[in-house]
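# Structure assessment
Listed below, chain by chain, are the residues.
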Amino acid sequence: MSILVVGSVAFDSVETPFGKAEEVLGGSATYFSTSASYFTDVKLVAVVGTDFPDIHIEGLKSRGIDVSGLKKVPGKTFRWRGRYDYDLNQAHTLETHLNVFSSFNPEIPESYRESPFVFLANIDPELQIKVLEQVKGAKFVACDTMNFWIEGKPDALRKLLKKVDLFVINEGEAREFSGTASLVKAARKILNNGPKTLIIKRGEYGALMFNHGSVFSAPAYPLEDIFDPTGAGDSFAGGLMGYLANTGDLSEANLRRAIIFGSVMASFNVEAFSLERLNSLCLNDIKMRYSEFKRLTHFEDI
Ligand code: AMP
């Protein structure tokens, strides 16, 4: 089954303790769709400016991503500048230039409107709501956000949460949004806003899923070298949603598998800057790392 994703397509400038990248391809929808494209058909809706080179659009197309919903309009592409210190879980936003995103009015192409899976990647929650108003009968809707919107548009975010099945959020943002330090209490508060399932991403400590009273904890893959955590959350969501859409199975057991596929894709993404590593995978790499996750988390009964 196909996935509709709406989010940012961006130029990122990133600094980590291991290197720097200036004005490289990034954006929540870019990472998501590249990751999900290993599992299923992806239909992308976003906006870029006239400074966005066609070579990047060709790159997305070459992964089979449907870009008929990617609009190029007069103006500059969205830009984000961030820095990570040795705590790679914490992105420090230095600059956000919405540029063409500030007047973006997402129009979902007719051919996208029946997509059974919808991912509202990190953009203005008011835009995320506008997207949902245009899709009919989605089987499963998930969304992401970040502190920029939690602080800037909390009411719109609450309104959006009433309409989604799954909310994916970072640990720090879950605490900020709920005003609670305990993740279990934070999860309860967030779930009271509407979503049936909550996944809290904990960077190098893995992810927690709260689903109908059950809790699942997945580790992150213990990598020797991490170069750039940018896009880890979106690659995680891409693997997760991609696997769910591929299988069409929303059971708890399958959600757990999907979290591991999400963790696999995030672990590859952080091995290089921008989308370099994500673009160079083959299905066997993904399967092998999934098996390594299984071994990593296996222990015997007493
Ligand atoms: P993450 O997966 O959480 O590391 O997301 C990284 C991506 O989010 C970067 O490639 C940025 O271009 C994008 N991004 C950063 N800030 C925003 C924002 N306020 N709205 C939409 N996308 C953003």
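Residues numbered from 1 in each chain as written. Predicted model: local features only at pLDDT ≥ 70, side-chain atom pairs only at ≥ 80, totals over all residues. Heavy atoms only, no water.

Time to look at the packing of helix α9 (residues 252–269) against helix α10 (residues 283–297). Where α9 contacts α10, the two axes come as close as 9 Å, and the packing angle between them is 115 degrees. α9 and α10 meet at a crossing whose hand is right-handed. Of α10, the residues touching α9 (which contributes Arg257, Ile260, Phe261, Ser263, Val264, Met265, Ser267 and Phe268) are Asp285, Ile286, Arg289, Tyr290 and Phe293. Partitioning the contact of α9 with α10 into residue classes produces 8 nonpolar, 2 polar and 3 charged. (Axes fitted to C-alpha atoms, helices over the stretch in contact; angles between N-to-C directions. Helix = DSSP H or I, 4+ residues; strand = E, 2+ residues; numbered from the N terminus. Left-handed = near helix turned anticlockwise from the far one by under 90°. Contact = heavy atoms within 4.5 Å. Nonpolar A, V, L, I, M, F, W, Y, C, P; charged D, E, K, R; others polar.)

Moving on to the nonpolar core. Grouped together as the largest cluster of nonpolar side chains are 54 residues, with contacts concentrated most on Leu44, Leu70, Phe119, Ile199, Met241, Ile259 and Ile286. In terms of residue count, α9 provides more of this core than any other element does, 9 residues in total. With residues up to four places along the chain from it excluded, the contact list for Ile286 reads Tyr38, Phe39, Phe261, Val264, Met265, Phe268 and Leu281. Counting residues in each nonpolar core, the second largest holds 43 residues, with Val6, Val100, Leu120 and Leu183 among its members. (Core = buried A, V, L, I, M, F, W, Y, C linked by side-chain atoms within 4.5 Å. Buried < 20%, exposed > 50% of the residue type's maximum accessible area, 1.4 Å probe, protein only.)

Relative to the helices and strands, Ile200 is located in strand β11 (residues 197–201). Linking Ile200 and Leu183, residues 17 residues apart in sequence, is a C-alpha distance of 8.4 Å. Not counting residues within four places of it along the chain, the set of residues in contact with Ile200 comprises Ile169, Asn170, Glu171, Ala174, Leu183, Gly206, Ala207, Leu208 and Phe210.

The next thing to look at is the site of the ligand. Not every one of the 18 residues close to the ligand is listed here, only the nearest: Asp12, Gly27, Asn122, Gly231 and Asp234. Between a nitrogen atom of the ligand and a side-chain N or O atom of Ser8, the distance comes to 2.9 Å. At a separation of 2.6 Å, an oxygen atom of the ligand approaches a polar side-chain atom of Asp234. Sorting the residues of the shell around the ligand by element identifies β2 (10–16), β6 (78–84), α4 (147–152) and α8 (232–247) as the ones contributing at least two each. A breakdown of the residues in the shell around the ligand according to their chemical character gives 9 nonpolar, 7 polar and 2 charged. (Near = heavy atom within 4 Å. Polar contact = N/O pair within 3.5 Å; in protein donor to acceptor, adjacent residues only side chain to side chain.)

Here we come to a positive patch on the surface. Among the surface-exposed residues, Arg158, Lys159, Lys162 and Lys163 lie close enough to one another that they form a single positively charged patch. Mapped onto the elements, Lys162 comes out in the loop between α5 (154–161) and β10 (166–170). Here Lys162 falls in the exposed class, since its relative accessible area comes to 62%. (Patch = residues over 30% accessible without salt bridge, like charges linked within 9 Å, V, L, I, M, F, W, Y side chains within 5 Å. Areas by Shrake-Rupley, 256 points an atom, 1.4 Å probe, with all protein chains shown as cover. Salt bridge = Lys/Arg side-chain N within 4 Å of Asp/Glu carboxyl O. Lys, Arg positive; Asp, Glu negative; His and termini not counted. Charge placed at Lys NZ, Arg CZ, Asp CG, Glu CD.)

In this section: the pattern of salt bridges. Considering all chains together, one arrives at 18 salt bridges under this definition. Between Lys196 and Asp165 there is a salt bridge, and its shortest N-O distance comes to 2.5 Å. Of this pair, Lys196 sits in the loop between α7 (183–191) and β11 while Asp165 is found in the loop between α5 and β10, placing the two residues 31 residues apart along the sequence. Between Arg256 and Glu252 there is a salt bridge, with the nearest N and O atoms lying 2.7 Å from each other. Here Glu252 and Arg256 lie together in helix α9, a separation of 4 residues that amounts to about one turn. Owing to a relative accessible area of 29%, Arg256 belongs among the partly exposed residues under this scheme. What you see here is one network of salt bridges that share partners, running through Glu22, Arg81 and Glu95.

Before going further, it helps to spend a moment on unusual backbone geometry. A positive phi angle, close to 50 degrees, is found at Glu23, a residue other than glycine. By relative accessible area, Glu23 is classed as partly exposed at 39%. Of note in the backbone geometry, His212 takes a positive phi value of approximately 45 degrees without being a glycine. Under the relative-accessibility criterion, His212 is labelled exposed at 64%.

Following both chains from N to C, one finds helix α3 (residues 125–134) and α5 inclined at 30 degrees, their axes separated by 8 Å at the closest point. Taken together, α3 and α5 sit at an angle that is classed as roughly parallel. Judged by the sense of rotation from one axis to the other, the crossing of α3 with α5 is left-handed. Residue-level contacts link Pro125, Glu126, Gln128, Ile129 and Leu132 of α3 to Ala156, Leu157, Lys159 and Leu160 of α5. Class assignment for the residues of the contact of α3 with α5 results in 6 nonpolar, 1 polar and 2 charged. (Parallel < 35°, antiparallel > 145°, perpendicular 65-115°, else oblique.)

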